[in-house]
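Topology and contacts: notes
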Amino acid sequence: MTTVAPVEQIPLSFHQEFLCAFDTGTTEGPFGPRYHVVGAWRLRGELDLTALEAALGDVVARHEALRTVIVRDGERPYQRVLAPCSPRLTVRDLGGCPADERESRAEELLNEVESGTNDACEVPLLRAVVGRFDDTDAVLVLNAHHTAADAWSIDVILRDLLACHAARAEGTEPDLPDVPQYQEYARHERENADSPAAVAARAYWRDTLRDARITALRSDRPRSAGAPKATSWHRFAVDTEVASAAVSLAGELKSSPFMVLFAAYQVFLSRLTGTDDLVVPTFTPGRGNARFHETVGSFINFLPLRTDLSGCGTFRDVVRRTRQACLGAYSHDVPFVQILGEAPTLMAPVASDDLQVSAFQAISSPYLATDERAGGLTYSKLWRRTVSQEVGSDVPDGILWTLHIGPSNDMVGSLGFNSNRFDADTMSRMLADFLRVLRAAVTAPDTDPRR
Ligand SMILES: OC[C@H](O)c1ccc2ccccc2c1
């Protein structure tokens with residue numbers, strides 16, 4: 001009897017391990033069919049559907065993460081990479097749609113795809129829907145499971161997909177450079193878990209998060225009410241003059257627009273919770289190692305930012321403190337599971353029945369496409385989403401505030417929340433309060449924003 005050497009199991013990345021903490025063992029958690037990330041692009045030019053179908057297969061062959069399942073049946077979950085397979089392409093006829101309604105019709109299709117499912121156990125973990133307005137005008141929507149891709153990855157998938165479409169449309173094999181695979185990243189992370197930088201980062205977090213508790217909000221309904229889990233998305237635009245005031249104040253204070261927006265969010269939270277010592281999670285892209293910039297996978301990192309607002313006399317002071325907290329966190333951006341090891345009681349509040357964390361992030365991806373070209377196609381990402389939806393991509397357990405800062409400082413945002421825990425009008429009130437604080441803060445930064 002020949003003994004087959006046990007195939008060495010591919011470990012989970014630290015972020016995938018973090019997601020296991022939210023695994024409810026049902027289809028409602030991060031391994032369920034609604035935990036996905038979507039994107040939509042307007043395509044102008046000759047779109048060859050046969051070539052696009054073949055290109056979808058090329059992209060799944062190229063990126064193992066899109067055909068990897070997370071096996072959770074033993075004591076330690078691991079990743080299993082499966083053979084290349086082709087995603088299905090759904091084609092929708094949007095003919096007869098007048099030109100000036102196409103942008104909103106495209107956003108409708110995006111929301112429709114986002115309200116659907118993408119089963120994490122059914123590879124490939126990528127779905128594609130193309131809506132055709134006419135022969136040279138279409139909208140492409142991609143949906144990838146969020147354990148296998150993130151916002152950065154969905155832009156990489158699109159760029160590779162259209163490069164492969166261009167080759168296939170000319171009857172040639174795609175010829176893209178090799179790309180490091182997500183399993184290499186997962187191994188690399190673990191091999192470097194005790195590097196000098198990682199040891200220094202753990203010391204930083206031990207010190208920074210001493211006696212800290214994550215800031216949490218009282219939900220309208222307790223977890224024990226057992227209402228079926230769903231995540232709603234409230235989307236909104238930020239007034240242009242507020243957005244540009246935020247961006248110019250950021251420039252004045254040598255801070256990023258995110259830091260100014262986050263500072264206003266903390267003022268809002270401080271007033272809501274009555275505490276000055278805030279610990280608010282954000283998500284960083286987790287792409288510090290340039291080797292993995294073209295790799296598809298879920299790299300984001302849940303990073304707790306601690307800021308004490310006591311003694312801040314003006315909003316400028318709040319931004320300066322926020323900037324310090326952000327810079328300190330960014331320069332110690334190690335996986336959250338390692339940070340938690342240094343602050344074991346940090347997440348205690350969210351173990352209670354009626355509290356939830358409320359994370360705040362700004363999405364950034366270097367591949368935000370505006371009028372990019374790929375073969376005979378010109379493509380632009382639909383990122384100014386302002387249409388809300390009752391059921392969309394899942395947020396595992398909490399509220400997720402996201403701001404998208406556009407190329408010309410225009411800004412839109414979204415509020416993802418578990419509708420089994422919070423009412424939609426509670427969210428609308430919170431958003432109105434936050435936007436009021438933001439407007440007052442960035443238009444009069446020398447006043448005390450907490451009055
Ligand atoms: O893209 C962010 C991701 O959907 C995510 C993962 C875990 C979370 C835990 C608590 C609150 C928000 C989360 C969002």
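In this text the structure is predicted, and so the values were computed from the model without any measurement.

So, how was this worked out
Residues numbered from 1 in each chain as written. Predicted model: local features only at pLDDT ≥ 70, side-chain atom pairs only at ≥ 80, totals over all residues. Heavy atoms only, no water. Helix = DSSP H or I, 4+ residues; strand = E, 2+ residues; numbered from the N terminus. Rg over C-alpha atoms; globule rule 2.2 N^0.38 Å. Buried < 20%, exposed > 50% of the residue type's maximum accessible area, 1.4 Å probe, protein only. Contact = heavy atoms within 4.5 Å. Lys, Arg positive; Asp, Glu negative; His and termini not counted. Charge placed at Lys NZ, Arg CZ, Asp CG, Glu CD. Expected span 1.5 Å × (residues − 1). Pairing = 2+ DSSP bridges. Axes fitted to C-alpha atoms, helices over the stretch in contact; angles between N-to-C directions. Near = heavy atom within 4 Å. Polar contact = N/O pair within 3.5 Å; in protein donor to acceptor, adjacent residues only side chain to side chain. Areas by Shrake-Rupley, 256 points an atom, 1.4 Å probe, with all protein chains shown as cover. Nonpolar A, V, L, I, M, F, W, Y, C, P; charged D, E, K, R; others polar. Salt bridge = Lys/Arg side-chain N within 4 Å of Asp/Glu carboxyl O. Phe/Tyr/Trp six-rings, centres within 6.5 Å; stacked < 30°, edge-to-face > 60°. Core = buried A, V, L, I, M, F, W, Y, C linked by side-chain atoms within 4.5 Å. Parallel < 35°, antiparallel > 145°, perpendicular 65-115°, else oblique. Left-handed = near helix turned anticlockwise from the far one by under 90°.

Overview of the overall build of the protein chain
- Looking only at helices and strands, the protein chain has 11 helices and 16 strands in total.
- Taken over the C-alpha trace, the protein chain has a radius of gyration of 22 Å; the compact-globule value for 451 residues is 22 Å, and the two agree within 12%.
- Looking at the protein chain residue by residue over its 451 residues, the buried ones come to 55%.
- Here the contacts in the protein chain between residues at least 6 apart in sequence split such that 79% fall between residues at least 24 apart.
- Across the protein chain, the mean location of the 46 positive side-chain charges is 4 Å away from that of the 61 negative side-chain charges.

Some words on helix 4 (residues 151-169)
- Here helix 4 contains 19 residues, and its C-alpha end-to-end distance of 27 Å stays within 8% of the 27 Å for a straight helix at 1.5 Å per residue.
- Where burial is concerned, most of helix 4 is hidden: 14 out of the 19 residues are buried.
- Directly beyond the C-terminal end of helix 4, a positive phi value near 80 degrees is found at Gly 171.

Describing the sheet that holds strand 7 (residues 137-145)
- A sheet is described by the order of its strands in space; here six strands give the open sequence 5-6-7-2-14-13, paired in mixed fashion. The open sheet is flanked by strand 5 (89-93) and strand 13 (372-374), the only strands paired with a single partner. Across this sheet, the average inter-strand angle for adjacent strands is 25 degrees, counted without regard to direction.
- With three bridges connecting them, strand 13 and strand 14 (residues 377-381) associate as antiparallel partners.

Looking at the site of the ligand
- Phe 18, Phe 22, Tyr 35, His 146, Phe 283, Ile 300, Val 357, Val 395, Pro 396 and Asp 397 make up every residue found near the ligand.
- Between the ligand and Tyr 35, the relevant distance is 3.5 Å, taken from an oxygen atom to a side-chain nitrogen or oxygen of the residue.
- Side-chain polar atom of His 146 to an oxygen atom of the ligand: 2.8 Å apart, as the coordinates give it.
- Contact with the protein chains covers 95% of the free accessible surface of the ligand, which is 350 Å².
- By residue class, the composition of the shell around the ligand is eight nonpolar, one polar and one charged.

Looking at the pattern of salt bridges
- A full pass over the atoms with the stated rule returns 37 salt bridges.
- Arg 235 serves as the salt-bridge partner of Glu 114, at 3.1 Å between the closest nitrogen and oxygen. Linking Glu 114 in helix 3 (residues 102-114) with Arg 235 in strand 9 (residues 231-238), this pair joins segments that are 121 residues apart in sequence. Here Glu 114 and Arg 235 have matching classes, each one buried.
- The partner of Arg 159 in a salt bridge is Asp 160, and the shortest N-O contact between them spans 3.3 Å.
- Through salt bridges with shared partners, a single ionic network connects Arg 42, Arg 44, Arg 102, Glu 103, Asp 134 and Asp 137.

A few points about the packing of aromatic side chains
- Enumeration over the complete set of coordinates arrives at 24 aromatic pairs.
- Arranged with centres 5.3 Å apart and planes meeting at 10 degrees, the rings of Phe 258 and Phe 262 form a pair that is stacked. Note that Phe 258 and Phe 262 are positioned in helix 8 (residues 257-273) at a spacing of four residues, about one turn of the helix.
- Judged by relative accessible area, which is 9%, Phe 258 ranks as buried.
- Relative to Phe 434, the ring of Tyr 265 has its centre 6.2 Å away and its plane inclined at 75 degrees; by these criteria the two rings are edge-to-face. One end of the pair, Tyr 265, is in helix 8; the other, Phe 434, is in helix 11 (residues 424-443), and 169 residues separate them in sequence.

Comments concerning the pairing of strand 3 (residues 68-71)
- Residues of strand 3 alternate between two faces, with Thr 68 and Ile 70 on one and Val 69 and Val 71 on the opposite face, all of them buried.
- Turn length for the strand 3-strand 4 (residues 78-81) hairpin, with the two strands adjacent in sequence and antiparallel, is six residues.

Digging into the sheet that holds strand 8 (residues 216-218)
- Strand order in the open sheet made by the five strands is 8-12-15-16-9, with mixed pairing throughout. Across the chains shown, the open sheet's two edge strands, defined by having one partner strand only, are strand 8 and strand 9. Pairs of neighbouring strands in the sheet enclose a mean axial angle of 25 degrees, with direction left out of account.
- Two elements, strand 15 (residues 399-405) and strand 16 (residues 411-418), share six bridges in a ladder whose sense is antiparallel.

Focus: the nonpolar core
- By size, the foremost hydrophobic cluster in this structure holds 79 residues, and its most contacted members are Tyr 265, Phe 315, Phe 360, Trp 401, Phe 434 and Val 442.
- If you tally residues by element for this core, the top one is helix 8, at 11 residues.
- When residues no more than four places from it in sequence are discounted, the contact partners of Trp 401 are Tyr 265, Phe 268, Ser 358, Ala 359, Phe 360, Gln 361, Ser 414, Leu 415, Met 430, Leu 431 and Phe 434.

Regarding the packing of helix 2 (residues 49-62) against helix 4
- Contact geometry for helix 2 and helix 4: axes closest at 8 Å, N-to-C directions at 130 degrees. Between helix 2 and helix 4, the angle falls in the class oblique. The handedness of the crossing between helix 2 and helix 4 is right-handed. Packed against helix 2, whose contacting residues are Ala 51, Leu 52, Ala 54, Ala 55, Leu 56, Asp 58, Val 59 and Arg 62, the element helix 4 presents Ile 157, Asp 160, Leu 161, Cys 164, His 165, Arg 168 and Ala 169 at the interface.
- Class assignment for the residues of the contact of helix 2 with helix 4 results in 10 nonpolar, one polar and four charged.

Topic: the environment of Arg 323
- Turning to its location among the elements, Arg 323 is positioned in helix 9 (residues 315-330).
- Residue classification places Arg 323 among the partly exposed residues on the basis of a relative accessible area of 24%.
- With 215 residues separating them along the chain, Arg 323 and Glu 108 place their C-alpha atoms 37 Å apart.
- Among residues more than four places away in sequence, those in contact with Arg 323 are Leu 253, Lys 254, Ser 255 and Met 259.
- Among the polar contacts listed, one links the side chain of Arg 323 to the backbone oxygen of Lys 254, at a separation of 2.7 Å.

Shape descriptors only; they carry no functional weight alone.
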